[in-house]
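Structure at a glance
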Amino acid sequence: MTSQRNPVFVAKRTYQSRRLADAARLLPLLGIGLFCLPLLWKGGEVSDSIRTVSVMLYLFLVWVFLAGASALISRRLKLQQDGAIDERQEP
C-alpha cells in the first residue's frame, strides 16, 4: 500500500514571497512601537530643549528607516511577482 504524500515544504520562491508579505504587514506595527518609544524616556537632568532635539532626531531616523525598509520590501515583492528573481539565485 503506497500512499503519495504531498510535499511538507512549499517552493522556496513561494515561501520567500509569503515571508516578505508578512514583513510588509508587520512594518506598520513596528513603526507604531518605535514612534511610541520616546514616550517612555525619562527627562532626567537633561534640559527640555536638548530632549526635544534628541526626540525629533530619533523620530526622523525611525521615519527614514521605515521608509527604506518599506521600499526594499516592496521592490523585492514586485520583482518576485514579475518573475525576475530566479529560484536558484540566492538573495
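Computed from a predicted model, the values in this text were never measured in an experiment.

Take a nonpolar patch on the surface next. On the surface, a nonpolar cluster with roughly 620 Å² of combined accessible area is contributed by Phe 35, Leu 57, Phe 60, Leu 61, Trp 63 and Val 64. Counting residues per element, the nonpolar patch draws most heavily on helix α2 (residues 48–82), which supplies five residues. Looking at where Val 64 falls in the secondary structure, it is placed in helix α2.

Moving on, we come to the nonpolar core. The nonpolar side chains of a soluble globular protein tend to be buried with one another. Counting residues in each nonpolar core, the largest one holds six residues, listed as Leu 27, Tyr 58, Val 62, Leu 66, Ala 69 and Ile 73. Those residues in contact with Leu 27, other than ones at most four positions away along the chain, are Leu 66, Ala 69, Ser 70 and Ile 73.

Our focus in this paragraph is the pattern of salt bridges. This structure, assessed with the given rule, holds three salt bridges. A salt bridge links Arg 19 to Asp 22, with the shortest nitrogen-to-oxygen separation between them at 2.8 Å. Of the two residues, Arg 19 and Asp 22 both sit in helix α1 (residues 12–36), three residues apart, roughly one turn of that helix. Exposure remark for Asp 22: the relative accessible area of 28% places this residue in the partly exposed category. Among the salt bridges present, the one from Asp 82 reaches Lys 78, with a minimum N-O distance of 3.6 Å. On the criterion of helical spacing, the pair formed by Asp 82 and Lys 78 is a turn pair, its members being four residues apart in helix α2. Salt bridges linked by common partners bring Arg 19, Asp 22 and Arg 25 together as one network.

Judged by relative accessible area, Lys 78 falls into the partly exposed class, the value being 48%. Along the primary structure Lys 78 and Ser 17 are separated by 61 residues, whereas in three dimensions their C-alpha atoms are 9.6 Å apart.

Next up on the list: α2. Over its 35 residues, α2 runs 51 Å from end to end, which matches the ideal 51 Å to within 8%, given 1.5 Å per residue. Taken together, the buried residues of α2 touch α1. In the stretch just after α2, Gly 83 is the one whose phi turns positive, near 80°.

Cut-off values and rules
- Residues numbered from 1 in each chain as written.
- Predicted model: local features only at pLDDT ≥ 70, side-chain atom pairs only at ≥ 80, totals over all residues.
- Heavy atoms only, no water.
- Patch = residues over 30% accessible without salt bridge, like charges linked within 9 Å, V, L, I, M, F, W, Y side chains within 5 Å.
- Areas by Shrake-Rupley, 256 points an atom, 1.4 Å probe, with all protein chains shown as cover.
- Salt bridge = Lys/Arg side-chain N within 4 Å of Asp/Glu carboxyl O.
- Helix = DSSP H or I, 4+ residues; strand = E, 2+ residues; numbered from the N terminus.
- Core = buried A, V, L, I, M, F, W, Y, C linked by side-chain atoms within 4.5 Å.
- Buried < 20%, exposed > 50% of the residue type's maximum accessible area, 1.4 Å probe, protein only.
- Contact = heavy atoms within 4.5 Å.
- Expected span 1.5 Å × (residues − 1).

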